[in-house]
Amino acid sequence: MKFEARWLAELLDAAPPAAELAARLTDCGLLVELREQGDGSEVWDVEVTTNRPDAMNHRGLAREAAVATGSRLRPLEFELAENGDEVASLAAVEIAAGTPCSRYVARVIRGVRVGPSPEWLQRRLSNCGVRPINSAVDATNYVLLELGQPLHAFDLGRLRGRRVVVRPAAKGERLTTLDGVARELDPSMMVIADETRAVALAGIMGGAETEIHAGTTEVLLESACFDALSVRRTARRLGMHTEASHRFERGADPEIAAVACDRAAHLIAELAGGELATGRIDVWPRPWQPRRIELSVAALAAFAGLEIPAARVEAILGGLGFAPARSGDTVRVAVPAFRVDVERVADLYEEVLRHVGYGAVPAALPVLPTAPGKRHPNWQLVDRARDAALAAGLAEVVTWSFIDPGADRLVASQPLCPGPAATLANPLATTQSVLRRSLLPGLLSAAQGNLNQGERSLALFEQGRVFAGGAAGPSEPERLGIVLRDDGGDAEARFRRLKGVVEHVGTKVGLPALHWRAGGNPWLDETAGAILETADGRAVGLAGLLAPEIAAHWDLGAGVAVAELALDTATAPPLPRFAALARFPPVVMDMTVEHGSELGYAGLEAATRELAGEHVEGLGFVTRYHLPDGSGRVRTTLRLVYRHAERSLTQDEVNAWHADLRRGLAERLGVGFA
Amino acid sequence: MSTARLEEVRRAFVAELEQAGTSADGVEKVRVKFAGQRSGKLKELAEALRALPNDQKRDYGRALNELKQEIESRLAEAKQAAVTEIRVKDPGTANAKGHAPTVAVGRPVDVTLPGLPVARGAEHPVHIVRRRIEEIFLRMGYDVEAGPEVEDDWHNFEALNIPPDHPARDDQDTFYLADGHLLRTHTSPVQARVMESRQPPIRIVVPGRVFRRDSDLRHSPMFHQIEGLLVDEGITFGHLKATLEAFLHELFSDRVAVRLRPGYFPFTEPSAEVDISCIFCAQKGCGVCSGSGWIEILGSGMVDPRVFEAVGIDAGRYTGFAFGLGLDRVAMLVYGIPDLRQLFAGDQRLTRQFA
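Owing to the predicted nature of the structure, the values given are computational and were not obtained by experimental measurement.

## Structural notes on the packing of aromatic side chains
All names here are of chain B. In total, this model carries 20 aromatic pairs over all chains according to the counting rule given. Summarising the aromatic geometry, the rings of F137 and F323 are spaced 5.3 Å apart at their centres and angled 25° between planes, so their arrangement reads as stacked. Placement of F137 in helix α5 (residues 125-139) and of F323 in strand β11 (residues 319-326) is noted, with a sequence separation of 186 residues between them. As far as the burial class goes, F137 and F323 line up, both buried.

## Observations regarding the interface of chain A and chain B
Often, the extent of an interface is quoted as the loss of accessible area upon association of its parts. Of the residues lining the interface, 82 residues belong to chain A; the matching set on chain B comes to 83 residues. When chain A packs against chain B, the two sides together hide about 6900 Å² of surface, and 56% of this comes from carbon and sulfur. Here chain A is connected to chain B by seven salt bridges. Here R306 of chain B makes a salt bridge to E343 of chain A, at a shortest N to O gap of 2.3 Å. The tally of links from chain A across to chain B stands at 42 residue pairs in polar contact (both at pLDDT 80 or more).

## Concerning the domain arrangement of chain A
Residues and elements named next belong to chain A. Under the domain assignment used here, chain A contains domain 1 (2-73), domain 2 (82-283), domain 3 (291-358), domain 4 (377-566) and domain 5 (587-673). Opposite the ten residues of domain 1 that make contact, domain 3 presents nine residues. With both chains or domains summed, domain 1 and domain 3 bury close to 900 Å², and 57% of this area falls on carbon and sulfur atoms. The largest contributions to the domain 1 side of the interface with domain 3 come from C28, R63 and V67, which together make up 49% of the buried area. Counting across the interface, domain 1 meets domain 3 through two salt bridges. D54 serves as the salt-bridge partner of R339, at 3.6 Å between the closest nitrogen and oxygen. The tally of links between domain 1 and domain 3 comes to three residue pairs in polar contact (both at pLDDT 80 or more). Classifying every residue of the side of domain 1 that touches domain 3 gives four nonpolar, one polar and five charged.

## Regarding the side chain of S438 of chain A
Residue and element names in this part refer to chain A. By secondary structure assignment, the location of S438 is in the loop between β24 (434-435) and α14 (440-452). At a separation of 3.3 Å, a polar atom in the side chain of S438 contacts the side chain of Q414. Once residues lying within four places of it in the same chain are set aside, the contact partners of S438 are V411, Q414, V466, R479 and E564.

## So, the pairing of strand β14 (residues 198-201) of chain A
Residues and elements named next belong to chain A. Alignment of strand β13 (residues 190-193) against β14, held across three bridges, turns out to be antiparallel. The residue of β14 that forms the bridge with I192 is A200. Counting the residues in the hairpin turn of β13 and β14 gives four residues. The pairing of β14 with strand β15 (residues 205-206) spans two bridges and is classified as antiparallel. Among the inter-strand pairings, A200 is bridged to a residue of β15, identified as G206. Here β14 hands over to β15 after three residues, with G203 in that stretch at a positive phi of 75°.

Rules and cut-offs
Residues numbered from 1 in each chain as written. Chains lettered and ligands numbered in written order. Predicted model: local features only at pLDDT ≥ 70, side-chain atom pairs only at ≥ 80, totals over all residues. Heavy atoms only, no water. Phe/Tyr/Trp six-rings, centres within 6.5 Å; stacked < 30°, edge-to-face > 60°. Helix = DSSP H or I, 4+ residues; strand = E, 2+ residues; numbered from the N terminus. Buried < 20%, exposed > 50% of the residue type's maximum accessible area, 1.4 Å probe, protein only. Contact = heavy atoms within 4.5 Å. Buried area = accessible area lost by both parts, 1.4 Å probe. Salt bridge = Lys/Arg side-chain N within 4 Å of Asp/Glu carboxyl O. Polar contact = N/O pair within 3.5 Å; in protein donor to acceptor, adjacent residues only side chain to side chain. Domains from an automatic or database assignment. Nonpolar A, V, L, I, M, F, W, Y, C, P; charged D, E, K, R; others polar. Pairing = 2+ DSSP bridges.

Structure (structure tokens):
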């Protein structure tokens, strides 16, 4: 919010130089963000937090400045010349029962000649970012900047029945506000009305028909207290935000309403001439009572970690308007009407502490048990996955948790889809309106972006949550997604590279043993995709080359390998156990098996392992050759490592075992040998 | 055959061994020629013994023995000193015997050629920063907690002293789901959940993804925070100050100055904005600190008694402090990343810079 530094200084006795004043304000919590030269004065941009409407005006800020710099706030002095008729004979005010308006003060000035304001006033308004309009309106804006009370000037001559009523709007009632917008109202909104129609949106904006204009001669000046919640709800529903609503939403000072009304009436009479009616209308059904709080100086010291002399506590609270009275350790205060934020003793601690200065509090580390910190199992899990992917050489990306509905519809066909989609009620854009049910759409968009930037090989992963809505309430399981792409290699090579990464991650994360079953269509290519299942048949992952239709959706070429793993079935892998190191030399034997493609490697391997006997220490895949004769048969070469724990093996005995193995495999699987 | 023949052999042996030098191959050849089991000179000389007249046998035998010992000991010496010889087969390549596979050497390697790339994983900068901060607090005995990203109004707002229609809800414009849940706007709801589930002492940090309905250079609808909470008897504002100083010194440098300014958060009272002295310009004023010499780094304060009341902790007995900071902001600051949204574009060129 903008403040004129010269104006602030005028409100203080013995104000320090601007630089010091700005520094002290910053120290006590009113951050002077920007100081720049305005017209005839420095202009400051001060960050006033939402809980401090009292400091959103020059006198309020000066009050803080006085305490912060040890100077004094000058009293507000002006002479009110009431020289007209009794106000009660000129206008009437009513607050309809149950309307959230705690006070309505009004004054009447007659015989005004509205014109431009004097230069000093225009300059001051301009410096504070307010556009000068005419002397009557400018006077109300000036008082807003000075005292923080939003005011409104009506052309009394245009108020039918010469009266105002604060009441809920009627259903469908219409009002054209000062900004020229015709608005349709409803009974949740509070309006100021005359005898027949709404003339202003209470606490937000006046109406166009009753505004001050060049021909106005009679002014009714409104200074009221509207309920914060009511103003806030109405302003939000109508999409409005004004100087007035900004303040009322944060809480108005009921006591200042009368003072501000007098002050503005005085200014209007001075600037626009006319005579001020005697007395003011003041509808205040339940006058304000101050809240009283007690503070213990010792408890404050214990809370702060700093001894603060009682006299200093009193001086600070006194300067801020809390009228402290001390007896012994106890300081009793009455919270002033302008401090809507102060309700409890903790709030008083803050008042004292911020003026003592946070810098004055000595830093002391708390003494606590030396128990080591623990990481939540979920963090342990996801970081195991992250570490495994990093160890596999992948680069981590973080993509949006919300995705395009079109991409989400594709996800519905995934075997891992966690449930019905959760949709945002108020997305920033429709392309980001559905919570992701898979990490793959985000990763594929990332892949596309990378390829567009000329990257040729991709090795990406994301660890994060996916979301599902539905009747059972929201769920957000943890996932790991992977995208790999290289320039070289056939489908088998690409698939095996991906599988290597997935198997490595699965082991490191502690996923249960995974069964790779061909599938995953329509996401994965029919000829190069797999669903990963646990022993009990639950799908916990998918891995393979992207199906052409899905690749096309993200404008990706062929050969992109993707995987997604559900991490919630994982358990921390057990601590590795040492296995005795073999002392005798191995005998390595390769075996090339010729078989039909219906026999997968997994079946061949399982049978070989079972038939190989106890002295086969290792069994691995070497290569596979597809016979070019059109038979669809393949030759798979396996490597067996024979070893005896207690002696060297002879080639003859290994040859005999190996021959038994071949016979056994031929019998069981009907395979041949090359 | 006589001892003269022995001397002749000895001389030949010495000469040939000398010629073999330190070549393992050469030494081996000499060994075969002189001490070989099948056809070595020594074997030949020993066979000649039988043919000698008896009177010469004694002298010859002794001399032969001496020669044998000499040859064997010198062979052993030479063998020890020998190195494997690399035989040049044809220009540019050579075989080192006993090594498989064959290593091609001979042509000088351009040692300025680049090394082959290693498959390095690269962690996202936000997570690098998260783990560093977790580590600092784990060392101070804080637990690292987790909680849901889809939250309810109670934990995200009401329990934290942000009732409906509170103006602070404007600052945290919220994404709502169709079913009334919301995306958490900060990690603080996990504080509320932890305090609801256990009694003090509580010492936690909570990292995680958060969401606000906002998007520009400095705001992203999705970002990351880490939140800290300590609740116990007798916790003071001075404890908060020291903890933040210790943390920020550890994260940045012991040389950074830490400044607490009064601020406002609905869930803390008093509240403090925390600045560090600019790490880029030594407080002379630069673009990063907008010339002020200070960088706003986190928000903090003493837990508002209303929050304790809402979650069932005795506000008369316990006090505590809380703080929170943006992980993305720290990453941007530390690594000089200008646009927050760039962190979530999935560009591997960004991540790879931090491998």
